[in-house]
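Given next are the chains, with one letter for each unit.
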Amino acid sequence: ADISSLGDLRGKRVLVRSDLNVPLDGTTITDDGRIRASVPTITALSEAGARVVVCAHLGRPKGEPEAKYSLRPVSTRLAELLGRPVTFADDTVGPSARAAVQAMADGDVVLLENLRFNAGETAKADEDRAAFADDLASLADAFVSDGFGVVHRKQASVYDVATRLPSAMGGLVHDEVEVLKRLTENPERPYVVVLGGAKVADKLAVIDNLMGTADRLLIGGGMLFTFLAAQGHEIGTSLFDADSVEACKGYLARAQESGVEIVLPVDIVVGKEFSADTATDVVDADAIPADAMGLDIGPRSAELYASRLADARTVFWNGPMGAFEMEPFAAGTEALARALVAATEAGALTVVGGGDSAAAVRQLGFRDEQFGHISTGGGASLEYLEGKSLPGITILSD
Ligand code: 3PG
């Protein structure tokens, strides 16, 4: 159900779960994409006369307050982007939050302090989240779930509050799901998926599922070295996950049988150590020296990947190709982003999934409009593509 199902909102207190988990350098927000993405729903509720109580998390504090994870800097940025004041509550469900909500007029916006300063938010057992969920729900008359990046979490503010208040799906979650449906339900082909990032273990389930739906899988980032190892190559001191080698071997074998094309790099940019000023070299992917660390895909690989994207009709990309945050290792990710932009211009549906990948393309100077869709959810979009049911979405349809 969408927000209209909540009826006349004037004077109603509406709790909105947003995903405002942005990268911070001290108290400076380095990518405000998620805050921007949360603005339309908050604005719509405020303009409808609701008293909008926004709740969100930042980072992974351990259930108690920690100054470096305060949402206060986010509150300032949110107010700028909304073009209206935001009252920041110093706690989540305590005296400060209750006083702030009590003092609201119609259309006002309050942001509660980090949900994860409360152990009840992320507790595994349902009964351990109950009291916190009760407290959160007591601050509002209705609930709007708009944090797409957290819908895969069974947490108090995502799942349990929806069992306690009349609830609706916000526009951001709705739009994200609509795009992801186009990838999973009968995608236009060729359907090409580009997977990067450091940890292959995080991607095994999605690779497994994509073996049945995608036409091509292009592999980059730290996870590629476990694939190279699975092919029997020397990978030097590169990232490597011994526990995933067998799984990677299995995917390579299955790809042969099923006709899914798994594309691995043909050359690698290596360094001596994980540092921006290490001496670099470009080597063949099957000839990484024993004392070298792979930190990006090489230029021939970048060309190969661009050529495997040129005729794509549907593209999903998650995870950088290399250690792009260091200038000498950014070229692979940049080339991949350029190839996606070209595919978009050629009429393909291109989706960039994940906070990190989105931040990467923006940091490299690309604009959101150059891609079909930039998802605010990393883990959430991957779990959707894995075919898992997402607790934050199922609870809304129940
Ligand atoms: C994200 O950054 O992917 C979301 O905000 C979820 O954060 P989490 O992985 O800490 O639950």
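Residues numbered from 1 in each chain as written. Predicted model: local features only at pLDDT ≥ 70, side-chain atom pairs only at ≥ 80, totals over all residues.

K.L.:
Please clarify how the site of the ligand should be interpreted in this entry.
P.N.:
Every residue close to the ligand is listed here: D19, N21, R60, G149, V150, R153, G355, G378 and G379. For the shell around the ligand, the per-class residue count stands at one nonpolar, five polar and three charged. Looking at which domains feed residues into the shell around the ligand, each of domain 1 (3-173) and domain 2 (186-386) supplies at least three. (Near = placed C-beta within 6 Å. Nonpolar A, V, L, I, M, F, W, Y, C, P; charged D, E, K, R; others polar. Domains from an automatic or database assignment.)

K.L.:
Even after reading the chapter, I still don't get helix α5 (residues 126-137), so can you show me in this structure?
P.N.:
Helical periodicity: at 3.6 residues per turn, an α-helix aligns residues three or four positions apart in one direction. Between its first and last C-alpha atoms α5 spans 15 Å; for 12 residues at 1.5 Å apiece the expected length is 16 Å, and the two agree. Among the residues making up α5, those that are buried are R129, F132, A133, L136 and A137. One side of α5 carries all its buried residues, which in axial view fall inside an arc of 140°. Residues of α5 that are buried make contact with β1 (13-17), β4 (51-55) and α4 (119-122). (Helix = DSSP H or I, 4+ residues; strand = E, 2+ residues; numbered from the N terminus. Expected span 1.5 Å × (residues − 1). Buried ≥ 20, exposed ≤ 12 C-beta atoms within 10 Å, placed from the backbone. Arc of directions from axis to C-beta. Contact = placed C-beta atoms within 7 Å.)

K.L.:
I keep staring at the UniProt feature "binding site: ATP" (unreviewed entry) in the protein chain and nothing clicks. Help me out?
P.N.:
Feature annotation in UniProt assigns "binding site: ATP" (unreviewed entry) to the following positions: K203, G294, E325, G354, G355, D356 and S357. Spanning 155 residues, the named residues are also spread out in space, since their farthest C-alpha pair is 23.6 Å apart. Topologically, G294 is positioned in strand β14 (residues 293-297). Assessed through the 29 C-beta atoms surrounding it within 10 Å, G294 is described here as buried. The contact partners of G294, leaving out residues within four places of it in the chain, are F225, I235, G236, S238, I268, V270 and I288. (UniProt positions renumbered as here; feature names shortened; annotations may be inferred.)

K.L.:
Just checking my understanding: could you explain the domain arrangement of the protein chain for this structure?
P.N.:
Where interface size is given, it is often the accessible area lost as the parts come together that is meant. Taken as a whole, the protein chain is organised into domain 1 (3-173) and domain 2 (186-386). Each partner contributes to the interface: domain 1 provides 13 residues, whereas domain 2 provides 10 residues. With three residues, the single largest contributor to the side of domain 1 that touches domain 2 is helix α1 (residues 33-47). When the residues that make up the side of domain 1 that touches domain 2 are grouped by side-chain class, the tally is six nonpolar, four polar and three charged.

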